[in-house]
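Fold and geometry: a report
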Amino acid sequence: MQQEDTFYIPIQGLALKVQATKEDGVLIRVHLFIANRIESPVSSSLAWQFREVLEGKRERSSIPFEARGTPFQKRVWDATCRIPFGEQASYSEVASEIGCGSAMAVGQALKANPLPIIIPCHRVIGKGGDLVGFSCGLRIKGLLLEFEKL
C-alpha cells in the first residue's frame, strides 16, 4: 500500500517542498519543488531524516528505500551515490567510472532517478562545471549544491 508524505524544508531562504511516496514503509519516489512559503513545519520523522541527509549528518542508507530502474540505471545511480557530500563529478566522469562511453546515457539514467537527494544526482554536472540537466529543475540543483557548500 502506498503512502504519500509532503513536507517542507527551509533551504537557502526558500522552502523546498518534498513529496515522498512510500510503499510498505519503503521510500520509492521523491519529487522536489520550490514553494513560496512553508505550509507546514518540518515535523515528520522523514522530514527530519531528509534534512539531515541534506546537511551531510545522516547517511542516505539510514532511510529505507528502493530505487526501481533498469540494471544500467542502477549502475549509474550507484556511481552517483559514491560522489562525496559537497563534491561534484561530470557526466563523462560517471560514464567512465561505470565503463560507459556515453555521458548522454548517464544523463538519461539520472533523469529517471526516482529518489533525488537520496540518490544525489544533483552532484553530477557538465564538463566545464555547468549546471545542466536535473529532473527537478536547475534552480533546485543549484540550491542543493550551494547548500552542500555551507
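Attention here is on the structure that accompanies the text. As the structure is a prediction and not an experimental result, all values here were calculated from the model. (Residues numbered from 1 in each chain as written. Predicted model: local features only at pLDDT ≥ 70, side-chain atom pairs only at ≥ 80, totals over all residues. Heavy atoms only, no water.)

Here's the deal with unusual backbone geometry
Of note, the phi angle at Asp24 is positive, near 55°, even though the residue is not glycine. Along the chain, the position of Asp24 falls in the loop between β2 (14-23) and β3 (26-35). Unlike most non-glycine residues, Ile117 shows phi in positive territory, near 80°. The residue Ile117 is located in the loop between α4 (103-111) and β5 (124-125) in this model. Judged by its relative accessible area of 5%, Ile117 is buried. (Helix = DSSP H or I, 4+ residues; strand = E, 2+ residues; numbered from the N terminus. Buried < 20%, exposed > 50% of the residue type's maximum accessible area, 1.4 Å probe, protein only.)

Comments concerning the pattern of salt bridges
A complete count under the given rule lists eight salt bridges for this structure. Among the salt bridges present, the one from Arg68 reaches Glu23, with a minimum N-O distance of 2.7 Å. Within this pair, whereas Arg68 is found in the loop between α1 (45-54) and α2 (71-81), its partner Glu23 is found in strand β2, the two being separated by 45 residues in sequence. Taking relative accessible area as the criterion, Arg68 reaches 41% and is therefore assigned partly exposed. Here Arg68 makes a salt bridge to Glu66, at a shortest N to O gap of 3.4 Å. Residue classification places Glu66 among the partly exposed positions, given a relative accessible area of 39%. Linked by salt bridges that have partners in common, Glu23, Glu66 and Arg68 make up one network. (Salt bridge = Lys/Arg side-chain N within 4 Å of Asp/Glu carboxyl O.)

Here's the deal with α2
Count 3.6 residues to each turn of an α-helix, and residues three or four apart come out pointing the same way. Taken residue by residue, α2 has Gln73, Val76, Trp77, Ala79, Thr80 and Cys81 as its buried positions. Elements in contact with the buried residues of α2: α3 (91-97), α4 and β5. (Contact = heavy atoms within 4.5 Å.)

Some words on the pairing of β3
Taken together, the nine bridges between β2 and β3 define a ladder with antiparallel strand orientation. Each residue of the ladder has a partner; that of Lys22, found in β3, is Leu27. Between β2 and β3, which pair antiparallel one after the other, the connecting turn spans two residues, and Asp24 there sits at a positive phi close to 55°. (Pairing = 2+ DSSP bridges.)

Focus: the sheet that holds strand β1 (residues 2-11)
Pairing is antiparallel across the open sheet formed by three strands, whose spatial order is β1-β2-β3. Strands at the two margins of the open sheet, each flanked by one partner only, are β1 and β3. Across the sheet, the mean angle from the axis of one strand to that of its neighbour is 20°, orientation sign disregarded. In the sheet, β1 pairs with β2 via 10 bridges, with the strands oriented antiparallel. The residue bridging Gln3 from the neighbouring strand is Lys22, located in β2. Across the sheet, α1 lies against β1, β2 and β3, angled at about 50° from β1, the strand it touches most. (Axes fitted to C-alpha atoms, helices over the stretch in contact; angles between N-to-C directions.)

Read these as layout, nothing more, since geometry by itself doesn't imply function.
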